[in-house]
Amino acid sequence: WNKWLPDTTACFPQFGLFDKVTEMFKNDREGDTSNLICKACRSGSFSASLRDDKGLTYICSPCPPGYAQPSGASTTCEPCAVGE
């Protein structure tokens, strides 16, 4: 009967798992997920897919060195200009 209930941890691209109590983005859905919601990724990070035993979701990952994402809510990071 609970399959029709929406899964608040099933995030879409441009969003990531966010703990509303600690106010921090999470990298997994292990343990208690009752405080997890989906929130738009912040600037400096991108939305990356995560497949686990609960299915597909997205997490916010920091851009690697030499890349940036100034706008947030993105699925990629862009290369930095020379000297930045």
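Residues numbered from 1 in each chain as written. Predicted model: local features only at pLDDT ≥ 70, side-chain atom pairs only at ≥ 80, totals over all residues. Heavy atoms only, no water.

A. Layout of the pairing of strand β4 (residues 45-52). As paired strands, β4 and strand β5 (residues 55-62) are joined by eight bridges and run antiparallel to one another. Counterpart to Phe-46 in the pairing with β5 is Ser-61. Turn length for the β4-β5 hairpin, with the two strands adjacent in sequence and antiparallel, is two residues. (Pairing = 2+ DSSP bridges. Helix = DSSP H or I, 4+ residues; strand = E, 2+ residues; numbered from the N terminus.)

B. Representation of the nonpolar core within the structure. Membership of the largest hydrophobic core is limited to six residues, which are Cys-11, Leu-17, Ala-48, Leu-50, Tyr-58 and Ile-59. Listing elements by their share of this core, those giving two or more residues are β4 and β5. Not counting residues up to four positions away in its chain, the partners in contact with Tyr-58 are Cys-11, Phe-12, Pro-13, Phe-15, Gly-16, Leu-17, Ser-47, Ala-48, Ser-49 and Leu-50. (Core = buried A, V, L, I, M, F, W, Y, C linked by side-chain atoms within 4.5 Å. Buried < 20%, exposed > 50% of the residue type's maximum accessible area, 1.4 Å probe, protein only. Contact = heavy atoms within 4.5 Å.)

C. Structural view of the packing of aromatic side chains. For the structure shown, the criterion picks out one aromatic pair. Pairing Phe-18 with Phe-25 gives two aromatic rings, centres 5.0 Å apart and planes at 70°, and the pair type is edge-to-face. For Phe-18, a relative accessible area of 5% translates into the label buried. Over the aromatic face of Phe-18 sits the side chain of Lys-39, whose NZ or CZ is 4.3 Å from the ring centroid. (Phe/Tyr/Trp six-rings, centres within 6.5 Å; stacked < 30°, edge-to-face > 60°. Lys NZ or Arg CZ within 6 Å of the ring centre and 35° of its normal.)

D. A look at the pattern of salt bridges. Taken as a whole and assessed by the stated rule, the structure comprises two salt bridges. Ionic pairing is found between Asp-7 and Arg-29, a salt bridge with its closest N-O pair at 3.8 Å. Taken as a pair, Asp-7 in the segment before β1 (15-19) and Arg-29 in the loop between β2 (24-25) and β3 (36-40) lie far apart in primary sequence, 22 residues in all. Residue classification places Asp-7 among the partly exposed positions, given a relative accessible area of 41%. One salt bridge connects Asp-52 with Arg-29, and the closest N-O pair in it is separated by 2.6 Å. Of this pair, Asp-52 sits in strand β4 while Arg-29 sits in the loop between β2 and β3, placing them 23 residues apart in sequence. Exposure remark for Asp-52: the relative accessible area of 24% places this residue in the partly exposed category. Here the residues in one salt-bridge network are Asp-7, Arg-29 and Asp-52, joined through shared partners. (Salt bridge = Lys/Arg side-chain N within 4 Å of Asp/Glu carboxyl O.)

E. Spotlight on the state of the cysteines. A full pass over the atoms with the stated rule returns three disulfides. With its sulfur 2.1 Å from that of its partner, Cys-11 forms a disulfide with Cys-38. With the S-S dihedral at roughly -95°, the linkage between Cys-11 and Cys-38 falls on the left-handed side. Here Cys-11 is found in the segment before β1, whereas its partner Cys-38 is found in strand β3, with 27 residues between them in sequence. Since its relative accessible area comes to 5%, Cys-11 is described here as buried. (Disulfide = S-S within 2.5 Å.)

Remember, this is a structural readout, not a statement about activity or role.
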